[in-house]
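Each chain, written out:
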Amino acid sequence: VQLQASGGGLVQTGGSLRVSCAASGGTFSKYVMAWFRQAPGKEREFVAAASRSGGSTMYADSVKGRFTIVRDNARNTVSLQMNSLKPEDTAVYYCAASDLIIPTMTSFPDQYSYWGQGTQVTVSS
């Protein structure tokens, strides 16, 4: 599966932004989908994940209550709605897909086999 992320940009503290990821070349509904982010000089970190149906979600504590992951299996897309943004949310955001035999939402990057190219999100103070 190929993943294409889009929607990043510059926003002020407290603002909102939505990033999206379009999938192609695979059966989208068989993948657990997730968003990760990586700030300069830091390791890639988990942000959110959605189960194959989208009925279950998981979030990092740092974004819980502010970010929402939503997938649309009919359109082969997964998006991340980000509200109440903070400067520490500044990073390149990556979408990722996992096709583990036992489909599990996980925060470990090495459990995801497919990655998009990333989209920059910058939150100004």
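### Side note on the pairing of strand S8 (residues 77-82)
For strand S3 (residues 17-24) and S8, the ladder comprises 6 bridges, and the chain directions are antiparallel. Residue pairing across strands places Cys21 opposite Val78, the latter belonging to S8. As paired strands, strand S7 (residues 67-72) and S8 are joined by 6 bridges and run antiparallel to one another. Bridged to Thr68 within S8 is Gln81. In textbook terms, the turn of a hairpin is the stretch between consecutive antiparallel strands, and for S7 and S8 this stretch comprises 4 residues, one of which, Asn76, has a positive phi near 55°.

### Some points on the state of the cysteines
The final tally for this structure, using the stated rule, is 1 disulfide. Across the disulfide from Cys21 sits Cys95; the S-S distance is 2.1 Å. Handedness here is read from the sign of the S-S torsion; for Cys21 and Cys95, about 60°, the answer is right-handed. Placement of the pair is Cys21 in strand S3 and Cys95 in strand S9 (residues 91-98), with a sequence separation of 74 residues. Residue Cys95 is classed as buried on the basis of its relative accessible area, which comes to 0%.

### Remarks on the pattern of salt bridges
Taken as a whole and judged by the stated rule, the model has 5 salt bridges. Between Lys64 and Asp61 there is a salt bridge whose closest N-O contact spans 3.1 Å. Between Asp89 and Arg66 there is a salt bridge, and its shortest N-O distance comes to 2.8 Å. Placement of the pair is Asp89 in the loop between S8 and S9 and Arg66 in the loop between strand S6 (57-59) and S7, with a sequence separation of 23 residues. The same class applies to Asp89 and to Arg66, which are both buried. One connected set of salt bridges, linked through shared partners, spans Arg37, Glu45, Arg66 and Asp89.

The rules behind each value
Residues numbered from 1 in each chain as written. Predicted model: local features only at pLDDT ≥ 70, side-chain atom pairs only at ≥ 80, totals over all residues. Heavy atoms only, no water. Pairing = 2+ DSSP bridges. Helix = DSSP H or I, 4+ residues; strand = E, 2+ residues; numbered from the N terminus. Disulfide = S-S within 2.5 Å. Buried < 20%, exposed > 50% of the residue type's maximum accessible area, 1.4 Å probe, protein only. Salt bridge = Lys/Arg side-chain N within 4 Å of Asp/Glu carboxyl O.

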